[in-house]
Each structure stands twice: as structure tokens, then as C-alpha cells.
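So you can see what is in the structure, the chains are spelled out below.
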Amino acid sequence: MEKFGNNVGKIIIFVAVILSICFVAFIFIINKNTIISGSKIADFERVGTDIAVLIDGEKAENFPEKGSGIVFESLTCENDTTGTWNFSTWTLSLVFNKADKCTINFVTGEYRDGSGAIIPELYSGLIPIKYDSNNNIVVADINDEWYNYNNHEWANAILIDQSNSTIKNKYLNNDGTYKYGTQVNINDVLQMYVWIPRYKYQLFNVAGTSTNPQMINIEFEGVDTVESSGKQNGEWLTHPAFTFGTTKLNGIWVGKFETSGSVGNLTIKPDITSLRNITLGEMFNASRAIETNSKYGLNSNEVDTHMMKNMEWGAIAYLTSSKYGRYVDSKTCISSGCEVWPNTNSSYLTGCSASSLDATISTECNKWNSTIGVNASTTGNIYGIYDMSGGAWDYVMGNMVDVNNNFFSGSASLNKPDSKYYNSYAYSTVYEDYERGLLGDATKEVIVDVHDAWYNDYAYLPGGDIPWIRRGGHLDEGDRRGIFYFTYSYGAAQLWSSFHSVLTHN
């Protein structure tokens, strides 16, 4: 009997050893970049991974319920294991390096995408939107996934006619909250905007020497973060576009398309001829008037609407050339390439894309929400900003002083505005005097050669008696147009020049 008992004990030990070996072997097998997904902690315990769940900093027994008002904030893992949180299926997916420990943080409040991007500031009048599987516009639930900068999906919002009660009641409840999930009729939309979150970037060409296109390293931050003030390559600089006068901004809302409509009735939406043949001064004053027009539903004590500054154009261009825009990593771009595709539509319709980067002017218009059309956005998908390459030239608020260092209006019909509304450049008679460029404005830092910025885009700063900057290139300029294109102009009314508008905190 004792012998039998000893044998049983040996058998138990043998089985335990075999099970341990199998478990270790299983762990070994799943550790080779295998993806494991689950909706509760127990789904990961079987592969030897310790999942710690924190809700508002307090340890929890499991993942919170979807729709409970608690949202994902961040995920950290040891030993190079990586993961993502899927808001649609409410599951965690881990790509294993080896069995290790992961901590997943949830917080009470609005959705955060885990990229570090500050939550978009939805001022009075702005309605958050997302796009469904058919690229229809839908009112977004701000407690669920409506943007994801890690996935190149920048936050979008719209303005509707708040003076029209029928339209207003479609999308807003009586208490002003959003009617989540409502499909938006584009005819009800007055303006569309995209959120550019505050970020710092790693300086890469401070001296303005010749440099080739590259991924720009960016890290998101909020106004509570101590600003970075780097001055040398490799150091970090909080992008200057996020300081508006003396106000520190968490981000800026940028017009999704070139501005259209009329001076007294500005629209920002697709498939409309852009507003052109008005002076730069008229563009500036029209943009400023958006905040005081009651139909947009904005509060002028809360927001500031203005014509895009050259530095703000630079902030968009740099985000476009980051892993949150058209790059996947430092060596790889998204499927449609590193460059924003051009709008070559001869009628200046907003949001169009050509069928290739080198297309010539034509009546062609691949619409903004089509498979090809999204290639003309800064993200290569429907969530980005359009008309940044080709279309009409874009006037921006970038002005060279005159020979006496005074504001120089040229032919813009604009009195000197508050300094927060424009970027000032030193006087020169040499258009190629790139040293006058500012860090962050996508001029001197992206120079390849004389007259050439990244991707063969034209590169001329204002000079002599020509004081203003235009961006993006014209639809018929071939491979010379692009998001890094900059040149000079008098600021006069032109049939081929338009502009983008910006909305910021006041």
C-alpha cells in the first residue's frame, strides 16, 4: 500500500511537471508576437500576463462596463509588449514579446485616445462628429471613440445654423447636449473644422541647411505642461502656433477645407467653389466676423475666429509629416504615400483630389469622402484637412515688414492688425533669404535647395515690395505645389487665391 501511495505521488508529480512544461511551452508559443484579445482580466491570466486595472487611480477587479461613463486613458506594459484598446468591441488586445505585466488606466469623463493628445475643446456651437463605415457624417458621442490620433484620425466638429430651430433641433437636445448617432445632412452644415492638438516637436534643422523629407518627431502636451524651449537640433520645442498673443492654447480648430461662400456668409464645406478674388484684408475681416455672426452659435467672449497664420499652417504641415499624419514610422508612410495629393479641379471645388500626385489641371474631382478623394487630406483618410496642396493658392497671415521695419500692407487693403493675428518677417530684397524663416512655420527648416522645399515644392519668402506669403501652390503647378510650398504675393484680389480659417480659444 505504501508502494502504491508512493507511485501515486510520483504520478502526480510527473503530471504536474508535464503540465508545467506544457504551460511554459504554451507561454513560449504565444510570446512570438501573438495577439491575445479579451474583455476581462481572466482572458489574459491563462497566458501568464498580469493585468492591473486602475480606474481614476484606484485598483479595480475588472474592466469597467461600456457606457458607464468611464473611458480608457492609457496602457503601459513591460518587456516591449504593446497593446491597443478597441472602443467598439470594448476589448484589450496585446501583442506579446513575453509574459509580463500590463497596467491599463481608465478615467471618469470624456474619451481619450491614449496618444497623449489633449481632449478637443468643444466651444459653444461646435458639434463633435465622426464618420461611419460608409463615410457618412454622424454626431459623435464624446464618451466613446470619436477620434484616434494613433490611427491618423484627427478630431472633427461642425457648425450648423443655430438660428434655424428646425436644423438646431435635429442635432441638439433642449439642454444643448448632442443627439449622439444622428446622421448629419451636409446641407445643414455651415462650417467643418479639424482639431490640431498642442504638441512639441524635436528640432531637426535649426540652421536651415539642406535637408530631405523626414518624419518629424512630435509629442502631445497640454497647457499645464512646462513648455519646451529648445534651440538646437535634437532638442524639443513647444510649437509656437499654440501661443496666441499671451494665451497658451491646448489646440486650434482649423477649417477642414478652403473657405467658400461670400464675405458676409462664409462656409467651410466640400464640393463648393472656394471664395476667391477678394483682397487678403477682406479675407481677414470676413474670418474675424464669424465669431459675431449669431447663426454660427459661437460666443465671441469664448472663441476667436481668424484667417490662418503662417505659423498655424506650419503646425498642420509638421503634424502631417509625423506618425499621426502620413507616416507610420520613421521609414514608412501610409499606403497613399508621404505627400498630400493635390486638388487639380479647374473649378476650384473644395475637397477634391486628383488621381495621382503628378496630375494636371482638369475637371476631375475625386470627392473628399471617396476612396481616392481621401488621399488629398493631411491624414490620407477622411479625418484630415483638405486643400493644402493645389486648389487655389492660400493666403496666410505672414507679413514682411518694410525697409523701415514697419507693417507693410502692400495691396492687401488691411490696416495693421493686432500682432497675435499674423507672423512678422524681417525685410529683405532676396526671396531666397531663408534665414528669416521662423522655427515651426515650415519654411527654412524644410529647405532642400534654392527655390526647393520638401517634395520639390516652391520656396520663396516675401521680398522687396511684395510683403505677403501664400501657401500650398496652385492647381496647375505640377509637382511644385504641395503642403510645404511657400511664395510671395502683394495681397491683392486674385481669381486664383483663397484661404483657410481658424477657430481658437479667446
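Q: For the overall build of the chain, give the residues involved together with the corresponding values.
A: Scanning the chain from N- to C-terminus turns up 5 helices and 30 strands. A globule of 506 residues ought to have a C-alpha radius of gyration of about 23 Å, and the chain, at 26 Å, matches this closely. Partitioning the intrachain contacts of the chain with sequence separation of at least 6 by distance along the chain shows that 69% fall at a separation of at least 24. Carbon and sulfur atoms make up 49% of the accessible area of the chain, which totals about 20,700 Å². Across the chain, the mean location of the 36 positive side-chain charges is 4 Å away from that of the 55 negative side-chain charges.

Q: Before we move on, could you go through the nonpolar core and cite the residues and values that matter?
A: Grouped together as the largest cluster of nonpolar side chains are 130 residues, with contacts concentrated most on I51, I196, Y199, Y318 and F484. Those residues in contact with Y318 that sit more than four places away from it in its chain are Y199, Y201, F204, I216, I218, H239, G440, D441, A442, E445, V446 and F484.

Q: A description of the sheet that holds strand β13 (residues 218–220) should follow, citing residues and the corresponding values.
A: In space, the 3 strands of this open sheet follow the order β13-β12-β14, with antiparallel pairing throughout. Pairing within the sheet leaves two strands with one partner each, and these edge strands are β13 and β14 (236–238). Each neighbouring strand pair of the sheet contributes to a mean axis angle of 25°, computed without reference to strand direction. Contacts between helix α5 (residues 310–320) and the sheet are confined to β12 (199–202) and β13, with β12 contributing the most and set at about 65° to the helix.

Q: How would you explain the confidence of the model for the chain if you had to name every residue and give the values?
A: Residue-level pLDDT values for the chain average 91, and 92% of them are 70 or greater. Every residue in residues 13–31 scores below 50 in pLDDT, and together they form 14 contacts with partners more than four places removed in sequence or on other chains.

Q: Any chance you could break down the side chain of R481 for me, citing the residues and the numbers?
A: Checked against the element boundaries, R481 lands in the loop between β27 (468–471) and β28 (486–489). At 6.5 Å, D358 is the nearest oppositely charged side chain to R481, a buried residue that forms no salt bridge. A distance of 3.2 Å separates a polar side-chain atom of R481 from the backbone oxygen of L357. Reaching out from R481, the side chain makes a polar contact with the backbone oxygen of G478 at a distance of 2.8 Å.

Q: Help me get a handle on the sheet that holds strand β3 (residues 58–60), residues and values and all.
A: In space, the 4 strands of this open sheet follow the order β3-β2-β7-β4, with mixed pairing throughout. Of all strands in the sheet, those with a lone pairing partner are β3 and β4 (70–77), marking the two edges. The average angle at which neighbouring strand axes cross in this sheet is 30°, direction not considered. Pairing geometry for β4 and strand β7 (residues 101–108), over 7 bridges, is antiparallel. Each residue of the ladder has a partner; that of I70, found in β7, is T108.

Q: Outline the pattern of salt bridges, listing residues and values.
A: Pairs may arise between side chains of opposite charge once their charged atoms sit close together. Across all of its chains, the model carries 12 salt bridges by this definition. Put simply, R112 and E73 hold a salt bridge, and the shortest N to O gap is 3.8 Å. Placement of the pair is R112 in the loop between β7 and β8 (127–131) and E73 in strand β4, with a sequence separation of 39 residues. For R112, a relative accessible area of 26% puts it in the partly exposed group. In this structure, R288 engages E291 in a salt bridge whose closest nitrogen and oxygen atoms are separated by 2.6 Å. Given the relative accessible area of 23%, R288 is considered partly exposed.

Q: Go over the packing of aromatic side chains, please, and point to the residues and values.
A: One pass over the structure, following the stated rule, counts 31 aromatic pairs. Arranged with centres 5.6 Å apart and planes meeting at 75°, the rings of F244 and Y421 form a pair that is edge-to-face. Remark: Y421 occurs in the loop between β23 (393–400) and β24 (423–425) and F244 occurs in strand β15 (residues 243–244); sequence separation between them is 177 residues. Members of the aromatic cluster, joined through ring pairs, are Y111, W146, Y147, Y149, W154, F220 and Y324. Taking the ring centre of W393 as reference, the NZ or CZ of R470 above it sits at 3.8 Å.

Q: Can you break down the state of the cysteines residue by residue, with the values?
A: Scanning the model with the defined rule gives 3 disulfides in all. There is a disulfide in this structure between C333 and C338, and the S-S distance comes to 1.9 Å. The chirality of the disulfide connecting C333 with C338 is right-handed, given an S-S dihedral of about 85°. Covalently, C352 is tied to C365 through a disulfide, its sulfur atoms 2.0 Å apart. An S-S torsion of about -85° defines the bridge between C352 and C365 as left-handed. Note that C352 is positioned in the loop between β22 (332–333) and β23 and C365 in the loop between β22 and β23, a separation of 13 residues in sequence. On the basis of relative accessible area, C352 is assigned to the buried category, the value being 1%. Judged by its relative accessible area of 24%, C365 falls in the partly exposed class. By sequence order of its bonded cysteines, the chain has the disulfide arrangement 1-2, 3-4, 5-6.

About the cut-offs
Residues numbered from 1 in each chain as written. Predicted model: local features only at pLDDT ≥ 70, side-chain atom pairs only at ≥ 80, totals over all residues. Heavy atoms only, no water. Helix = DSSP H or I, 4+ residues; strand = E, 2+ residues; numbered from the N terminus. Rg over C-alpha atoms; globule rule 2.2 N^0.38 Å. Contact = heavy atoms within 4.5 Å. Areas by Shrake-Rupley, 256 points an atom, 1.4 Å probe, with all protein chains shown as cover. Lys, Arg positive; Asp, Glu negative; His and termini not counted. Charge placed at Lys NZ, Arg CZ, Asp CG, Glu CD. Core = buried A, V, L, I, M, F, W, Y, C linked by side-chain atoms within 4.5 Å. Buried < 20%, exposed > 50% of the residue type's maximum accessible area, 1.4 Å probe, protein only. Pairing = 2+ DSSP bridges. Axes fitted to C-alpha atoms, helices over the stretch in contact; angles between N-to-C directions. pLDDT = per-residue confidence, 0-100. Salt bridge = Lys/Arg side-chain N within 4 Å of Asp/Glu carboxyl O. Polar contact = N/O pair within 3.5 Å; in protein donor to acceptor, adjacent residues only side chain to side chain. Phe/Tyr/Trp six-rings, centres within 6.5 Å; stacked < 30°, edge-to-face > 60°. Lys NZ or Arg CZ within 6 Å of the ring centre and 35° of its normal. Disulfide = S-S within 2.5 Å.

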